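Close look at the chain arrangement
These are the residues of each chain, in order.
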Amino acid sequence: MTKIMAPSVVIVEDSLVEIMNIQNILAEADIRVLGTAINTEQLFALIEKESPDLILMDINLGGGESGIDIAKLVAEQFAVPIVFTTSYCDDTTISNALKVSPYGYLVKPYGALSLTTTILVALERKRIEHELASSNRRFAMASDMAKLGVLEIDSASSSIIIESVDNLFDFPRKLTVEKFLSLFTDEQRLEMAEAIRLKTNYLTTLQLKIAGRETRWYQVVLSDVVWEKDYVQIGAIQDISILQHAQSNLTIADRVVSEIKEGVLVCDANGSIVKANKALCEMLGCEPSELISQDINKIFPKERRHDPRPDYLMDGLRTDLTIVNEGRRYHLVMSVTSFDNGSGETHFVAILTDVSDLKSSENQLKLLAFTDALTGAGNRNHLNNLVETFSESCEPFSIIFIDIDEFKLINDTHGHEVGDEILRTCASRFKAAIRQDDSVFRFGGDEFVVVTGTTCEKHLSNVTFRLSKCFSKSFKTSSGSFNISASIGVATSTGNIPAVDLLKNADIAMFSAKQNGKNNTVVFSEDLSKNIEYQLFIQQGLKSAIQNKQITAYYQPIIGAKGEIIAIEALARWYIPSHGPISPDKFIPIAERSNHIHDIGLLMLDEVCFAIKTIDRWGFSNVRFNLNMSAVQLQNSGIIDLFAERFAFHNISAKRIVIEITESTLQSEKAREVLTAIKQLGVTISIDDFGTGFSCISELADEAYDSIKIDRSLLPDFPLETRGELRRSLIIENVVSMCEKLGMPCTLEGLETAEQVNFAKKIGARAMQGFYFSKPLSLEGLMEFLQAEFATRTVNV
């Protein structure tokens, strides 16, 4: 049994990713890829060597050649079907592509089913056209080969002589009348014998079966013409085997055409229909008699009433049609082929393939390709297409970027199923909050985008207000109800701004809303963009700064009430030679988000250990170093072993280190556990910025803390003239007093004036810090400061 070869394809594509994707899809569909090409030379070499069944041609190639131009050259030299693939579906590209009469046109991105189905439909159409052309050639050959042999029936000798019979193969040239008659059927034999006896006209067909040979058919004609004293009757014999076979094939073909589900019609050179099969009549909802003699250009409906009538009498034409009959919509692909009927007259055959199911599948795939499976909102593919459409048309529109606040915490705590329930509810509420012409998309994760066709500030304000109201009600899930909020960013189109930039601007505005405390709306401005660019500059430079040790420790002394040096706080400072200093307020939050804070923490720890050993050599062995620690660092339990290893490596006592944390750090149970373990190494724990944020008096009862540092924001202004300033002074005084009674040393930071220093001493503060004593210093500057001020006044705290 002969094995049927799988269809073969050559890919013309300049994108390696796209080639790999196509090859994977075609391999799954058992379609062979013979090779790939990116220009005419490579393609022609493949065609001549491999003879592919089809060419998959990308229109927009990276080189100087266009896929359409290459297709024209292929059409001139090779009979290979072409299916175009492209990311563009504008009128100009489609018009140029149709001039080549492609067998298919796929718009990227397309699915595996669309690709394989388009290829198989194209190959099937090519096969039908090839078979029809082959049948036409056979019909022509049958007409050319019609030759006659002359029969001479001699009644006197009872013999038959056949002259000019080169075309009759092995038919005998002379045989007896009895032998000749024996070749016919009984009925034919009696009729022919009577015609010979009476010498009258007779016409019949002889079927001759010869062992080991193909059955032959001959047309035998007896005339009433006689000569040779009226005993020689003249007749003719013609080998009509080819014609008989052709007629048989035509009968079968006619039956096939009548029964196949593809519509078929035949018309003359003027477009007048001469034949139409049953399938076509069912599609059009009419009888064959109603189509005969009708003009082919008039039986198919126009898409729009004012469209010009198309001309279907074009050899090689392939076009799409839509017909609606009794509520059913037929999506058809018409292929037109011209042929010569043998008499010099041109006819056209149109084959209409019903691709309604394929179209339905394509529409379903398109829906899936542009819909987020979880929420039913549009997905990023749909968003990109819509935004590109707006941009290309230069119509005004705006993008609203929505990010759910703290969504990750819900996912991590209650599971993704609960998170999915919230996302679905969000999509549903967003759809109800916007206008019918606006669109909702899920951008990814917990991010949504709304596209609205306006730049009106009032309308945008109304839309964002309604979107914000979507979060005013709690979200009910299988794990209970949740009250959540969202950060919203808005960007409007201005001029010819690219779609991708507008989407980026909305994202920037949303990010700014996050930074501004979340649960609010920010409209994009150029200042926001510059701020984000600066943050990106910082984020990109952090890794290099850590590797090149551009981030270093600067040291600020902490002074005792008697003027002695009791501790030194290490502060991270970043200086870029080409840019200048970068504020810690700028790079520390970014370092925390990017996890570079762990590397910075290690760098600071090493510098502090080095500084401890340095000042010890100068006699300051009792001075402690305060080191700030981020909440992010305390989420990593590996930091415990890291601290222990660095203390051992530098041979430094952990008692020389004071870890400063904000009270909000210990809102996390994980951070509290890690900090407790670090304290067991021997370090001291101090609450930094006490009096702000999450700080509360009850935390002072927690044994996790050894001391506190009161934030500078609580310091009163001097002189104490207003009631408010008096209250602030009383608060600080009582906090200091309470800490002393609890055995928790208290440091006042941010002291810059003599009044503030005197006030600190008066209320009993044991330690003071601020510019009044010294700005943060490099290690060299610190050594000079210590030598000048405290060479003989160090104390043990």
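Residues numbered from 1 in each chain as written. Predicted model: local features only at pLDDT ≥ 70, side-chain atom pairs only at ≥ 80, totals over all residues. Heavy atoms only, no water.

Quick look at the packing of helix α2 (residues 40-50) against helix α3 (residues 67-77) now. Relative placement of two packed helices is described by the angle separating their axes and the distance separating the axes. At their nearest, the axes of α2 and α3 sit 11 Å apart, and the two run at 30 degrees to each other. Here α2 lies roughly parallel to α3, going by the angle between them. Crossing geometry of α2 relative to α3 is assigned as right-handed. Between α2 and α3, the residues in contact are Thr40, Leu43, Phe44 and Ile47 and Ile70, Leu73, Val74 and Gln77, respectively. (Axes fitted to C-alpha atoms, helices over the stretch in contact; angles between N-to-C directions. Helix = DSSP H or I, 4+ residues; strand = E, 2+ residues; numbered from the N terminus. Parallel < 35°, antiparallel > 145°, perpendicular 65-115°, else oblique. Left-handed = near helix turned anticlockwise from the far one by under 90°. Contact = heavy atoms within 4.5 Å.)

Of all the positions in α3, only Gly67, Ile68, Ile70, Ala71 and Val74 are classed as buried. Looking straight down α3, one finds its buried side chains confined to an arc of 155 degrees; they lie on one side. If you follow the buried residues of α3, they end up packed against α2, β3 (54-58), β4 (82-86) and α4 (91-98). With a side-chain oxygen lying 3.2 Å from the backbone nitrogen of Ile68, the N-terminal cap of α3 falls on Ser66. (Buried < 20%, exposed > 50% of the residue type's maximum accessible area, 1.4 Å probe, protein only. Arc of directions from axis to C-beta. Polar contact = N/O pair within 3.5 Å; in protein donor to acceptor, adjacent residues only side chain to side chain.)

In this fold, Thr85 is placed in strand β4. By relative accessible area, which is 1% here, Thr85 ends up buried. Apart from the residues within four sequence positions on either side, Thr85 is in contact with Glu13, Leu56, Met57, Asp58, Ile59, Leu106, Lys108 and Tyr110.

Going through the model one piece at a time under the given rule, you end up with 20 salt bridges. For the salt bridge of Lys108 with Asp58, the shortest nitrogen-to-oxygen distance reads 3.5 Å. Remark: Asp58 occurs in strand β3 and Lys108 occurs in the loop between β5 (104-107) and α5 (112-144); sequence separation between them is 50 residues. Of the two residues, Lys108 and Asp58, neither departs from the other in class, the shared state being buried. The salt bridge partner of Arg189 is Asp186, with a shortest N-O separation of 2.7 Å. Linking Arg189 with Asp186, this pair stays in helix α7 (residues 186-198), spanning 3 residues, or about one helical turn. With a relative accessible area of 29%, Arg189 lands in the partly exposed category. Taking relative accessible area as the criterion, Asp186 reaches 54% and is therefore assigned exposed. Three or more residues joined by partner-sharing salt bridges are found here, namely Glu13, Asp58 and Lys108. (Salt bridge = Lys/Arg side-chain N within 4 Å of Asp/Glu carboxyl O.)

A few words now on the sheet that holds strand β17 (residues 398-404). Read across the open sheet, the 5 strands follow the order β18-β19-β17-β22-β23; overall the sheet is mixed. Of all strands in the sheet, those bounded by a partner on one side alone are β18 (439-444) and β23 (521-523). Strand after strand, the sheet turns through a mean of 20 degrees between neighbouring axes, direction not considered. As judged from the 6 bridges shared by β17 and strand β19 (residues 447-452), these two strands associate in the antiparallel manner. Of the residues in β19, the one forming a bridge with Phe401 is Val449. Where helix α13 (residues 380-393) meets the sheet, it contacts β17, β18 and β19, and its direction lies at approximately 125 degrees from that of β18. (Pairing = 2+ DSSP bridges.)

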